[in-house]
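# Understanding the architecture of this molecule
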Amino acid sequence: MRNIRGKIIGIFMLCGLYVHLSAQEAEIKAAETAYASEQYGQAIELYESVLKNYGDSYELYYNLGNCYYKTGKTAHAILNYERALLIKPGDSDIRFNLEMAKQQTDKIEPLEEFFLKKWFRSVQNLISVDSWATVGILCFVSFICCLVLFFFSKWMRLRKTGFYLGILLFVVIIFTNIFAYNQKEELVNRNGAIVFSPTVTVKSSPDNSGTDLFVLHEGTKVFIRSTVGDWHEIALEDGNIGWINKKDITII
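In short, a report on the structure. As the structure is a prediction and not an experimental result, all values here were calculated from the model. (Residues numbered from 1 in each chain as written. Predicted model: local features only at pLDDT ≥ 70, side-chain atom pairs only at ≥ 80, totals over all residues. Heavy atoms only, no water.)

## Digging into the environment of aspartate 230
Worth spelling out the cut-off: Numbering goes from the N terminus for both helices and strands, where a helix is a DSSP run of H or I of at least four residues and a strand is a run of E of at least two. Residues count as neighbours in contact if any of their non-hydrogen atoms are within 4.5 Å of one another.
One can find aspartate 230 in the loop between β4 (221-228) and β5 (231-235). In this structure aspartate 230 touches Ile244, Asn245 and Lys246, once residues within four positions along its chain are discounted.

## A few points about helix α8 (residues 156-188)
Just so we agree on the cut-off: A helix is expected to reach a length of 1.5 Å times the quantity of its residues less one. To sort residues, take the accessible area from a 1.4 Å probe on protein chains only and compare it with the maximum for the residue type: under 20% means buried, over 50% means exposed, and anything in between is partly exposed.
In a regular helix each residue adds 1.5 Å, so 33 residues correspond to 48 Å; α8 covers 47 Å between its end C-alpha atoms and thus fits that length. Considered for burial, the residues of α8 that qualify are Gly162, Gly166, Leu169, Ile173, Thr176, Phe179, Ala180 and Gln183. Elements that come into contact with the buried residues of α8 comprise α6 (115-124) and α7 (129-152).

## Things to note about the packing of aromatic side chains
As a reminder, the rule being used: The aromatic pairing rule takes the rings of Phe, Tyr and Trp, using the six-membered ring of Trp, and pairs them if the centres are within 6.5 Å, calling planes under 30 degrees apart stacked, those over 60 edge-to-face and the rest tilted. We call a charge positioned over a ring when the NZ of a Lys or the CZ of an Arg lies within 6 Å of the ring centre and within 35 degrees of the ring normal.
Scanning the entire structure with this criterion turns up 11 aromatic pairs. Summarising the aromatic geometry, the rings of phenylalanine 163 and tyrosine 164 are spaced 5.2 Å apart at their centres and angled 80° between planes, so their arrangement reads as edge-to-face. Accessibility expressed as a relative area gives 57% for tyrosine 164, which makes it exposed. Ring pairs connect the aromatic residues Phe120, Trp132, Phe175 and Phe179, which therefore count as one cluster. Over the face of the ring belonging to phenylalanine 150 we find arginine 159, whose NZ or CZ atom lies 5.4 Å from the ring centre.

See below:
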């Protein structure tokens, strides 16, 4: 009797999952159709609905960013491109569209980075966190095989191969774990934000009476350093620092 009840429950769960996925797919197709017909407002509503009801993905954020870009809402477009890039940092289409959208915002010249740090970040962003995790697992399995080869092979040449290849794989495992950890931290602890007010004055202290430091415009990316009440201490890519009200920015 219990087995029959369990099977019935399982069938209902599978049916529910099928209906859930079918509804999601239908809404995505409707959004794609609306975009193709240049009905960008309708497409935005549908993509926003899918993100709210079914969870996020880089494809949804990317498509939503394209819709907002077509309607001239640069800040919304940049926000969604940035969110897509967090999930899939190696996607060249997302990066290209993001750079196109950024041309309509404040021109911020980033500080010059040490070349090793820049190289490290570029390698880290080649693939996503899940892909780095997969690479790490495969390298770990291969590393175990090399250990077996080194300790149990009767031929010296194979033992040497296992030894040196094992060292290489061990180094790769360390870096893949570092890359995956860094990307996971960026996904979980998001400190990037986009300015959503048309014009905002950055202050020297977390209150309206603070000295005016500089002005930012809609669509500019900032990095949150700390929070005091309704104010965020933010930093720009060029090194400028100041305070901005929470209501003026949206977290990526």
